[in-house]
Amino acid sequence: YVAVTNGGPRPLRDVLVTAKLQAPSAKRAVDLPDTFTSKRDAAEAAGLDVDGWRTSDVPRPNDAVAENPASLLDEHRHTEQIVEKTLDEVGTHTLRVSVAYRGEGDAPDAEPRSLRKFYRFNVLAPLQIRTAAWLLPRPPPGVFDDDE
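1. Some details on the overall build of the protein
Assigned secondary structure in the protein consists of 1 helix and 8 strands. Shown N-terminal to C-terminal, the secondary structure of the protein runs as helices and strands in the order β-β-β-α-β-β-β-β-β. Expressed as a percentage of its 148 residues, the buried residues of the protein come to 26%. In the structure as shown, the protein presents an accessible area of about 11,100 Å², 52% of it carried by carbon and sulfur atoms.

2. Focus: the nonpolar core
With 15 residues, the main nonpolar core has V15, V17, L32, L95 and V99 as its most contacted residues. It is strand β2 (residues 12–22) that provides the largest number of residues to this core, a total of 5 residues. Excluding residues within four positions of it along the chain, V99 makes contact with V4, V15, L16, V17, R113, S114 and L115.

3. Some points on the confidence of the model for the protein
For the protein, per-residue confidence averages 81 on the pLDDT scale, and residues scoring 70 or more make up 82% of the total. The spread of mean pLDDT over the elements of the protein runs between strand β4 (residues 64–65), the lowest at 60, and strand β8 (residues 113–123), the highest at 94. Low pLDDT, under 50, characterises residues 53–59; the stretch is placed with 15 contacts to residues that sit more than four places away or in other chains.

4. Quick word on the pattern of salt bridges
Under the criterion given, the structure shown has 4 salt bridges. The salt bridge partner of D14 is R13, with a shortest N-O separation of 3.9 Å. Close ionic contact of R102 with D14 constitutes a salt bridge, the shortest N to O distance being 3.1 Å. Of this pair, R102 sits in strand β7 (residues 91–103) while D14 sits in strand β2; the two residues are 88 residues apart in sequence, bridging distant segments of the chain. What makes R102 buried here is its relative accessible area of 16%.

5. Concerning the environment of E67
Within the secondary structure, E67 is located in the loop between β4 and β5 (70–73). Sequence separation between E67 and Q81 is 14 residues; the distance between their C-alpha atoms is 9.0 Å.

6. A closer look at the pairing of β7
Along β7, 10 of the 13 residues are buried, which leaves the element largely enclosed by surrounding structure. Note that β2 and β7 share 9 bridges and pair antiparallel. Paired with A19 across the two strands is V97, which belongs to β7.

7. Overview of unusual backbone geometry
Even without being glycine, D14 reaches a positive phi, approximately 50°. Residue classification places D14 among the partly exposed residues on the basis of a relative accessible area of 33%.

8. Concerning the environment of T92
In this structure, T92 sits in strand β7. Separated by 32 residues in sequence, T92 and L124 place their C-alpha atoms 8.8 Å apart. If near-sequence neighbours (up to four positions away) are discounted, T92 is found in contact with Q22, A23, P24, R120, F121 and N122.

Rules used in this analysis
Residues numbered from 1 in each chain as written. Predicted model: local features only at pLDDT ≥ 70, side-chain atom pairs only at ≥ 80, totals over all residues. Heavy atoms only, no water. Helix = DSSP H or I, 4+ residues; strand = E, 2+ residues; numbered from the N terminus. Buried < 20%, exposed > 50% of the residue type's maximum accessible area, 1.4 Å probe, protein only. Areas by Shrake-Rupley, 256 points an atom, 1.4 Å probe, with all protein chains shown as cover. Core = buried A, V, L, I, M, F, W, Y, C linked by side-chain atoms within 4.5 Å. Contact = heavy atoms within 4.5 Å. pLDDT = per-residue confidence, 0-100. Salt bridge = Lys/Arg side-chain N within 4 Å of Asp/Glu carboxyl O. Pairing = 2+ DSSP bridges.

The following block contains the structure:
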């Protein structure tokens, strides 16, 4: 889940949020597309009530801007997206979230401003659960009787 909030006093224009993930052995990061729309469409097609639905029954806030890129992001509003990737490699992964935007006073042809945030996290080997069962000898008569 990635959310970007405009905490400034002025609106932002042309806000674009992207997320990339780099695995330990990868030379390049892979794009992580926003899966919010596809999850919502699949739920609607299945006949589920999706009013305010996001994932895990957590409603999307009323002040969220649904589109990414957002043409205008007013102050104290935010844009959000849900990204997914199966992590099948053990080691340190890097999630890179980038935000490109233009300020309210910027010229339309000006280069967008940008910022990046890197999140490093370690992926460990999954738990391996093994089950073992032994046939125990029968207890002597009277040991587990209910009348005692």
